[in-house]
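Structural overview
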Amino acid sequence: MSLARRFVGKLTFPLHVLSIDSKTSHFCHHHSIKFNCSPHRLPQYRLYASASSRELPEGSMSSKILKYKKWLSLGLFGLTLSIVAYRRRKKNDDDPRLPGARKLPRPLGRMKMITYKGFTIPEEVIPTVKALKDFQFREDDVVITSFPKTGVTWLQEIVWLIANDLNFDGALTSPLQERFPFLEWPLPGVPAISAMAERRFIKTHLPPTILFKPLEEGSPNSSEVKPKVISIIRNPKDTAISYFCFARMNKLIDFKDIFDDFLLFFLPGQVPYGPIAEHYIDVLRLQKQFGKEERKQSDQRVLIIQYEELHFHFQREIDKLCDFLGKPRLDAEKMKALQDHCSFRLMSVNRMVNYEHWDELGLRNLDEARFFRSGKVGDWQKYIDKQQNDALNKWIAADFGGIFEFKFGDESFVE
């Protein structure tokens with residue numbers, strides 16, 4: 001039965017305003033409001049106004065009541081249509097593969113995404129999220145969870161070398177994705193990572209809210225199991241530019257539009273693993289849940305590194321990482337060796353870390369930037385104009401609320 005028929009069937013009209021007309025197949029009001037009905041399902045009526053109603057003086061109480069009834073009926077009908085449309089749209093938006101997930105209406109390039117627990121994730125990551133329900137973290141795991149394009153690859157190489165006593169030979173002969181696997185990537189995959197016997201180094205872009213379940217009792221990821229978690233944050237302007245270039249370079253995303261169009265996705269958080277502000281803040285929540293007040297840094301479970309600080313104060317930040325990982329601080333010679341190995345100049349040509357194999361696999365648009373593109377602080381100023389910068393400043397003030405003190409490089413911005 002149609003919506004209009006169900007709605008009309010519930011209305012009650014006075015007998016003096018209804019007359020049966022077998023020659024018509026619609027309801028006809030004295031204001032020409034029609035509802036088409038199937039002739040074999042319902043009797044065919046024509047709705048007439050009585051003579052007394054036509055002769056009511058304009059502005060009389062009865063005339064006003066009739067007008068109110070008419071507009072009330074129209075309003076109820078419109079409300080019914082809106083509710084039905086909303087329920088159908090919501091049902092279509094729900095993703096049956098992951099309870100609580102909603103499909104986003106527009107993809108980023110060719111990448112389709114969903115929202116889950118307040119974050120945007122690619123549809124391809126759904127199997128990983130579902131597998132986390134049975135994934136068992138260990139106390140000696142080292143997990144890097146960070147928003148994309150914030151210096152994650154740089155931090156991975158540094159952390160692995162510190163934890164493995166500066167094993168440069170191992171780092172130069174084994175690909176980073178094997179030493180420090182990406183949790184969401186199908187290779188090696190969650191089951192293979194789960195079965196690893198040695199100490200595990202795990203990279204992920206999933207925020208802690210999705211990655212861990214520290215408040216759920218009885219979960220394999222309960223608060224009793226606290227791996228070492230490291231996160232790196234970067235100023236949002238450089239991150240936005242780096243993400244834009246990555247989205248154009250990566251064929252899995254294959255974004256073709258200009259930076260202004262990318263901001264329409266980036267600012268509201270409709271990019272993979274966004275919103276960036278919520279991702280950063282989520283790590284702060286995890287730091288509080290896992291405990292930040294331990295006296296010894298080696299007993300702490302969550303460490304946040306700032307990209308710009310690592311760039312400008314390398315030795316100081318390396319000391320923090322050594323303390324956090326329970327390793328002795330490096331002397332001057334070892335510090336220089338680590339800094340040289342992890343410099344942008346050498347990492348960009350090191351096939352173990354520079355993702356050059358993406359070219360061979362056809363995952364990179366060859367006419368776009370390489371995976372290692374710039375690595376500089378303040379590089380955003382080459383790409384962002386005055387109007388875009390003003391919009392970004394307003395967005396940063398609103399979304400980050402002064403929680404983080406970002407360094408944006410040379411602040412002498414020129415229009």
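The shown structure was predicted, so the numbers you read here are calculated from the model rather than taken from an experiment.

Comments concerning the sheet that holds strand 10 (residues 228–233)
Read across the sheet, 4 strands follow the order 9-8-10-11 without closing on themselves; strand pairing throughout is parallel. Bordering the open sheet on either side are strand 9 (201–204) and strand 11 (302–306), each of which pairs with just one other strand. With direction set aside, neighbouring strand axes in the sheet form an average angle of 20°. Across 3 bridges, strand 8 (residues 142–145) lies against strand 10 in parallel orientation.

Topic: unusual backbone geometry
For the bond running from Leu187 to Pro188, omega is 5°, close enough to zero to count as cis. Relative to the elements of secondary structure, Pro188 occurs in the loop between helix 7 (176–179) and helix 8 (190–195). Of note, the bond from Gly274 into Pro275 is cis; its omega dihedral lies within 30 degrees of zero at 0°. Not every positive phi belongs to a glycine, and Asp165 is a case in point at roughly 55°. With respect to the element layout, Asp165 can be found in the loop between helix 5 (152–163) and helix 6 (168–173).

Observations regarding the confidence of the model for the protein
Averaged over the protein, the pLDDT score is 83; the fraction of residues at 70 or greater is 74%. Under a pLDDT of 50 for its full length, residues 1–54 has, in the predicted model, 66 contacts with residues more than four places off or in other chains. With pLDDT under 50 throughout, residues 411–415 is counted as low confidence; its partners more than four residues away or in other chains account for 8 contacts.

Digging into the packing of aromatic side chains
Two descriptors summarise a pair of aromatic rings, namely the distance from one centre to the other and the angle between the planes of the rings. Overall, the coordinates contain 32 aromatic pairs when judged by the stated rule. Taking the centre distance of 6.3 Å and the plane angle of 70° together, the rings of Phe147 and Phe266 count as edge-to-face. In this pair, Phe147 sits in the loop between strand 8 and helix 5 while Phe266 sits in helix 11 (residues 259–266), placing the two residues 119 residues apart along the sequence. With respect to burial, Phe147 and Phe266 carry one shared label: buried.

Focus on helix 18 (residues 386–400)
Helix length check: helix 18 (15 residues) gives 21 Å between terminal C-alpha atoms against 21 Å at 1.5 Å per residue, within 8%. Those residues of helix 18 not exposed but buried are Gln388, Asn389, Leu392, Trp395, Ile396 and Phe400. For helix 18, the angular spread of the buried residues around the axis is 125°, confining them to a single face. Away from the buried face of helix 18 by more than 90 degrees, exposed residues Gln387, Lys394, Ala397 and Ala398 are located. At its buried positions, helix 18 is contacted by helix 10 (236–249), helix 11 and helix 12 (276–290). Trailing helix 18 by a residue or two, Gly401 shows a phi angle of about 55°, which is positive.

Description of the nonpolar core
Among the nonpolar cores identified, the biggest contains 106 residues, and Ile230, Phe262, Ile318 and Leu321 are the most heavily contacted of them. With 9 residues, helix 5 is the largest single contributor of residues to this core. Here Phe262 is in contact with Leu108, Ala240, Tyr243, Phe244, Ala247, Phe255 and Val271, once residues within four sequence places are set aside.

Brief notes about the sheet that holds strand 7 (residues 119–122)
One open sheet holds the 3 strands; their spatial order is 5-6-7, and the pairing between them is antiparallel. Pairing within the sheet leaves two strands with one partner each, and these edge strands are strand 5 (102–103) and strand 7. Sheet topology note: the strand 5/strand 6 (residues 113–116) ladder contains 2 bridges and is antiparallel. If you follow Arg102 over to strand 6, its bridge partner there is Thr115.

With respect to the pairing of strand 6
Looking at chain direction, strand 6 and strand 7 are connected through 4 bridges and run antiparallel. Residue Met113 lies in a different strand from strand 7, and its bridge partner there is Pro122. In textbook terms, the turn of a hairpin is the stretch between consecutive antiparallel strands, and for strand 6 and strand 7 this stretch comprises 2 residues, one of which, Lys117, has a positive phi near 55°.

A look at the side chain of Asp254
Mapped onto the fold, Asp254 is located in the loop between helix 10 and helix 11. At a separation of 3.2 Å, a polar atom in the side chain of Asp254 contacts the side chain of Lys256. Sequence-distant contacts of Asp254, defined by excluding residues within four places in its chain, comprise Gly109, Arg110, Ala247 and Asn365.

Focus on the packing of helix 5 against helix 14 (residues 314–324)
Between two packed helices, the angle of one axis relative to the other and the distance separating the axes together describe the packing. Where helix 5 contacts helix 14, the axes come no closer than 10 Å and their chain directions differ by 55°. Judged by the inter-axis angle, helix 5 sits oblique to helix 14. Handedness of the helix 5/helix 14 crossing: right-handed. For the pair formed by helix 5 and helix 14, the contact residues are Trp154, Leu155, Ile158, Val159 and Ile162 on the first element and Phe314, Ile318, Leu321 and Cys322 on the second.

Quick word on the side chain of Asp238
Locating Asp238 in the fold gives a position in helix 10. One buried charged residue, Asp238, remains without a salt bridge, the closest side chain of opposite sign being Arg234 at 4.8 Å. Not counting chain neighbours up to four residues away, the residues in contact with Asp238 comprise Lys376, Val377, Gly378, Asp379 and Trp380.

What counts as what
Residues numbered from 1 in each chain as written. Predicted model: local features only at pLDDT ≥ 70, side-chain atom pairs only at ≥ 80, totals over all residues. Heavy atoms only, no water. Pairing = 2+ DSSP bridges. Helix = DSSP H or I, 4+ residues; strand = E, 2+ residues; numbered from the N terminus. Axes fitted to C-alpha atoms, helices over the stretch in contact; angles between N-to-C directions. pLDDT = per-residue confidence, 0-100. Contact = heavy atoms within 4.5 Å. Phe/Tyr/Trp six-rings, centres within 6.5 Å; stacked < 30°, edge-to-face > 60°. Buried < 20%, exposed > 50% of the residue type's maximum accessible area, 1.4 Å probe, protein only. Expected span 1.5 Å × (residues − 1). Arc of directions from axis to C-beta. Core = buried A, V, L, I, M, F, W, Y, C linked by side-chain atoms within 4.5 Å. Polar contact = N/O pair within 3.5 Å; in protein donor to acceptor, adjacent residues only side chain to side chain. Parallel < 35°, antiparallel > 145°, perpendicular 65-115°, else oblique. Left-handed = near helix turned anticlockwise from the far one by under 90°. Lys, Arg positive; Asp, Glu negative; His and termini not counted. Salt bridge = Lys/Arg side-chain N within 4 Å of Asp/Glu carboxyl O.

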